[in-house]
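Inside the fold
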Amino acid sequence: MTTVIETQRLTLDELAPPDADFIVELLNDPAFLANIGDRGVRDHADALRYIANGPAASYAKHGFGLWLVRDKVSGERLGLSGLLQRDTLPDADIGYAFLPQYRGQGYAVEACTAVIAHAREPLRLPRVLAIVSPGNEASTRVLEKIGLRYQRRMRLSEDAEELLLYSTEA
């Protein structure tokens, strides 16, 4: 297990094959499916492919990706938080998702605040973006609490749903 970031209550670690069952659970949570989308991960083998082709490939290519958020004391897997580099956005964007039992406890704000700090130093990213579905008020509140500001409505492609774009720039 490679820990990338530590906060008061959390560690953010690189995802690895032992996290596959957690990935199946999180990516099939109804809120994940509704607000983030269906990643087609239905079983252990799908989760292993997701980890290898998504987060692990991003760590190797960009030096960042989605990290596993754990409770520092218990080691319990709570969710994901990290940075994504999409072909359709000019800068990295922050992403996060937590299992239902860990929402509303400040974990997303704590993890995302640490991710933004990590983006600034040591990664030296000039700006971090975020995209969120209109109506996802819980995520909008997290973005505003961690210092991102609404920029505009946008689409990742012509046929994609309209999203709200946030940025660390004013």
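Residues numbered from 1 in each chain as written. Predicted model: local features only at pLDDT ≥ 70, side-chain atom pairs only at ≥ 80, totals over all residues. Heavy atoms only, no water.

**With respect to the overall build of the protein chain**
When helices and strands are counted, the protein chain shows 5 helices and 8 strands. By the compact-globule yardstick of 15 Å for 170 residues, the protein chain fits well, its C-alpha radius of gyration being 15 Å. The buried share of the protein chain, taken over its 170 residues, is 46%. Nonlocal contacts in the protein chain, meaning residues at least 24 apart in sequence, comprise 55% of its contacts between residues at least 6 apart. Of the roughly 8,800 Å² of accessible surface on the protein chain, a fraction of 49% belongs to carbon and sulfur atoms. Side-chain charges of the protein chain comprise 19 positive and 24 negative groups, with the mean position of each set lying 4 Å from the other. (Helix = DSSP H or I, 4+ residues; strand = E, 2+ residues; numbered from the N terminus. Rg over C-alpha atoms; globule rule 2.2 N^0.38 Å. Buried < 20%, exposed > 50% of the residue type's maximum accessible area, 1.4 Å probe, protein only. Contact = heavy atoms within 4.5 Å. Areas by Shrake-Rupley, 256 points an atom, 1.4 Å probe, with all protein chains shown as cover. Lys, Arg positive; Asp, Glu negative; His and termini not counted. Charge placed at Lys NZ, Arg CZ, Asp CG, Glu CD.)

**Description of the packing of helix α1 (residues 20–27) against helix α3 (residues 44–62)**
Interaxial distance between α1 and α3 falls to 8 Å at its minimum, and their mutual angle equals 95°. Taken together, the axis directions place α1 and α3 in an arrangement best described as roughly perpendicular. Residues Ala20, Asp21, Ile23, Val24 and Leu27 of α1 form the contact with α3, whose participating residues are His44, Ala47, Leu48, Tyr50 and Ile51. When grouped by side-chain class, the residues that make up the contact of α1 with α3 number 8 nonpolar, 1 polar and 1 charged. (Axes fitted to C-alpha atoms, helices over the stretch in contact; angles between N-to-C directions. Parallel < 35°, antiparallel > 145°, perpendicular 65-115°, else oblique. Nonpolar A, V, L, I, M, F, W, Y, C, P; charged D, E, K, R; others polar.)

**As for the side chain of asparagine 136**
Looking at the element boundaries, asparagine 136 is found in the loop between β6 (129–132) and α5 (137–145). With relative accessibility at 11%, the residue asparagine 136 sits in the buried group. In terms of polar contacts, asparagine 136 uses its side chain to reach the backbone amide nitrogen of serine 139, at 3.2 Å. (Polar contact = N/O pair within 3.5 Å; in protein donor to acceptor, adjacent residues only side chain to side chain.)

**Some remarks on the nonpolar core**
Grouped burial of nonpolar side chains is what soluble globular proteins tend to show. In this structure, Ile23, Leu80, Ile94 and Leu143 are the most contacted members of the largest nonpolar core, which totals 48 residues. Top element by residues in this core is helix α4 (residues 107–120). It accounts for 8 residues. Excluding residues within four positions of it along the chain, leucine 143 makes contact with Ile94, Tyr96, Ala130, Val132, Leu148 and Tyr166. Core analysis: the next-biggest nonpolar cluster, separate from the first, contains 6 residues, Leu89, Leu129, Ile131 and Leu163 among them. (Core = buried A, V, L, I, M, F, W, Y, C linked by side-chain atoms within 4.5 Å.)

**Quick word on the environment of alanine 119**
Note that alanine 119 resides in helix α4. When the C-alpha atoms of alanine 119 and leucine 83 are compared, they prove to be 8.2 Å apart, with 36 residues separating the residues in sequence. When near neighbours in sequence (up to four residues on either side) are disregarded, alanine 119 contacts Leu83, Arg124, Leu125 and Val128.

**Some details on α1**
The buried fraction of α1 is high, at 6 of 8 residues. Those residues of α1 that sit buried are Ala20, Phe22, Ile23, Val24, Leu26 and Leu27. In the core, the buried residues of α1 are packed alongside α2 (30–35), α3, β3 (66–71), β4 (77–84) and β5 (93–98).

**What about the pairing of strand β1 (residues 3–6)?**
Relative to strand β2 (residues 10–14), β1 runs antiparallel, the two being bridged by 3 bridges. Considered in β2, the bridge of isoleucine 5 is made with leucine 12. Linking two consecutive strands that pair antiparallel, namely β1 and β2, is a turn of 3 residues. (Pairing = 2+ DSSP bridges.)

**Some words on the packing of aromatic side chains**
Tallying each qualifying case throughout the model produces 2 aromatic pairs. With 6.4 Å between their ring centres and 70° between their planes, tyrosine 102 and tyrosine 107 make a pair best called edge-to-face. Accessibility assignment for this pair places tyrosine 102 and tyrosine 107 in one class, buried. Ring geometry for tyrosine 150 versus tyrosine 166: centroids 5.8 Å apart, planes at 75°, classification edge-to-face. Here tyrosine 150, found in strand β7 (residues 149–154), pairs with tyrosine 166, found in strand β8 (residues 163–167); they are 16 residues apart in sequence, far enough to count as distant. (Phe/Tyr/Trp six-rings, centres within 6.5 Å; stacked < 30°, edge-to-face > 60°.)

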